Amino acid sequence: MAYDEIEMAVRRSRDKRDVFYRLAKEQGWRARSAFKLLQIDEEFRIFSKVTHVVDLCAAPGSWSQVLERKIGRVNPPGKARIVAVDLQQMAPIPGVVQLQGDITKKKTADAIKKELGGQLAQLVVCDGAPDVTGLHDMDEYMQDQLILAALNISTELLAPGGAFVAKMFKARDIDFMYSQMKLFFRSVTCTKPRSSRSSSNEHFIVCLDYKPLEGYQGMAEDLKPGDELSALTKFVYSGDLSGFDQII
Ligand SMILES: C[S@@+](CC[C@H](N)C(=O)[O-])C[C@H]1O[C@@H](n2cnc3c(N)ncnc32)[C@H](O)[C@@H]1O
């Protein structure tokens, strides 16, 4: 079904969730979230020319299915590499390497790099969500920390010029998140795909054209007690502007 037809179906429906839920079942996606990634690609063409891609926080696997269909299958056999990671185990998807791991850990970054076979990724996506506590401020904080972890692991995995897409919840400190991301990417945009429920403040941050930054101490496990943090690292971690002259 073409996406304009899907859109018409959405308009006809009083409940978006049911339309995309039904379509996901019909088309064999493991979750309706698949449409969010497909619609982000429609808008930003993030899959274009990608051969190596990492799906962070991937279970149950609908985004990995999309990556396999849109990147794995369009490249010549053996050329594409799709690596999916989650804390939880996922049912296998042919053409996708699956790792069980925590994206905040350096050893997970090392395992992904090994599976990428010595190449860096042109795209990293993260649909991660921490367990909800019900305490609004705490939940927002945990989501922000997960995005920061996804950014940090991406600084180990992304090729210059690469793209990063992550789920976020539009919150008070959105401006700070933009300024964190803008240090690393030339273009940073926030989008809400049609399939994302309007009742939720879920959005996706789409960061294009990665530029590696000298002096950024991304994966915190690399740091030892007493290590001096660079001005850049202090800013990204906590918004500390005391070394701002050195950052820009
Ligand atoms: C909304 S689900 C992802 C859905 C997936 N994109 C799909 O389309 O099927 C969020 C996932 O984030 C994972 N997650 C949360 N924190 C994580 C972490 N620190 N490391 C790895 N995965 C994590 C959870 O285990 C959960 O499976």
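Because the structure is predicted, anything quoted here is derived from the model rather than measured.

Draft legend 1. Examining the sheet that holds strand β7 (residues 202-210) more closely. Judged by pairing direction, the sheet is mixed, and its seven strands sit side by side in the order β3-β2-β1-β4-β5-β7-β6 without closing on themselves. Lying at the two open borders of the sheet, with one neighbouring strand each, are β3 (97-100) and β6 (185-191). Pairwise comparison of adjacent strand axes, ignoring direction, gives a mean angle of 15° for this sheet. Bridge count for β6 against β7 is six bridges, and the pairing is antiparallel.

Draft legend 2. Examining the layout of surface pockets more closely. Of the pockets and cavities examined, the largest pocket occupies roughly 780 Å³. Cys57, Asp127, Gly128, Ala129 and Pro130 are the residues nearest the centre of the largest pocket, which is lined by 32 residues in total. Looking at which element gives the most residues to the lining of the largest pocket, the answer is helix α6 (residues 136-157), with three residues. Residues belonging to the lining of the largest pocket are distributed by class as follows: 13 nonpolar, nine polar and ten charged.

Draft legend 3. Local environment of the packing of α6 against helix α7 (residues 174-184). Where α6 meets α7, the axes come as close as 12 Å, and the angle between the chain directions of the two elements is 5°. Classified by the interaxial angle, the pair formed by α6 and α7 is roughly parallel. Between α6 and α7, the contacting residues are Asp144, Ile147, Leu148, Leu151 and Thr155 on the first element and Met177, Gln180, Met181 and Phe184 on the second. In terms of residue class, the contact of α6 with α7 is made up of six nonpolar, two polar and one charged.

Draft legend 4. Molecular detail of the pairing of β3. Of the two faces of β3, only the one carrying Val97 and Leu99 is buried; Gln98 and Gln100 on the other face are not. Summarising the sheet, strand β2 (residues 81-86) and β3 pair through four bridges and their orientation is parallel. Residue pairing across strands places alanine 84 opposite glutamine 98, the latter belonging to β3.

Draft legend 5. Spatial organisation of the site of the ligand. Residues in contact with the ligand amount to 19 residues; listed here are only the nearest, Gly61, Ser62, Asp86, Asp102 and Asp127. Between a nitrogen atom of the ligand and a main-chain N or O atom of leucine 87, the distance comes to 3.3 Å. Alone, the ligand offers 610 Å² of accessible surface; in the complex the protein occludes 87% of this. Because more than half of its atoms lie within 2 Å of the grid, the ligand is assigned to the largest pocket. Its residues assigned to classes, the shell around the ligand shows nine nonpolar, six polar and four charged.

Draft legend 6. Region of interest: the side chain of threonine 233. Locating threonine 233 in the fold gives a position in helix α8 (residues 231-238). Look at threonine 233 and you get buried, because its relative accessible area is 0%.

Draft legend 7. Representation of the UniProt feature "active site" (unreviewed entry) in the chain. Within this structure's numbering, the places UniProt gives as "active site" (unreviewed entry) are Lys167. Taking relative accessible area as the criterion, lysine 167 reaches 9% and is therefore assigned buried.

Draft legend 8. Main features of α8. When we look at burial in α8, the residues that qualify are Ala231, Leu232, Thr233, Phe235 and Val236. At the C-terminal side of α8, glycine 239 shows a positive phi close to 80°.

Conventions adopted
- Residues numbered from 1 in each chain as written.
- Predicted model: local features only at pLDDT ≥ 70, side-chain atom pairs only at ≥ 80, totals over all residues.
- Heavy atoms only, no water.
- Pairing = 2+ DSSP bridges.
- Helix = DSSP H or I, 4+ residues; strand = E, 2+ residues; numbered from the N terminus.
- Axes fitted to C-alpha atoms, helices over the stretch in contact; angles between N-to-C directions.
- 1 Å grid on protein atoms, 1.4 Å probe; cavity = no way out; pocket = protein on both sides within 12 Å on 5 of 7 lines; lining within 4 Å.
- Points joined across faces, edges and corners; volume = space filled by probe spheres on them.
- Nonpolar A, V, L, I, M, F, W, Y, C, P; charged D, E, K, R; others polar.
- Parallel < 35°, antiparallel > 145°, perpendicular 65-115°, else oblique.
- Contact = heavy atoms within 4.5 Å.
- Buried < 20%, exposed > 50% of the residue type's maximum accessible area, 1.4 Å probe, protein only.
- Near = heavy atom within 4 Å.
- Polar contact = N/O pair within 3.5 Å; in protein donor to acceptor, adjacent residues only side chain to side chain.
- Areas by Shrake-Rupley, 256 points an atom, 1.4 Å probe, with all protein chains shown as cover.
- Sits in = over half its atoms within 2 Å of the grid points.
- UniProt positions renumbered as here; feature names shortened; annotations may be inferred.

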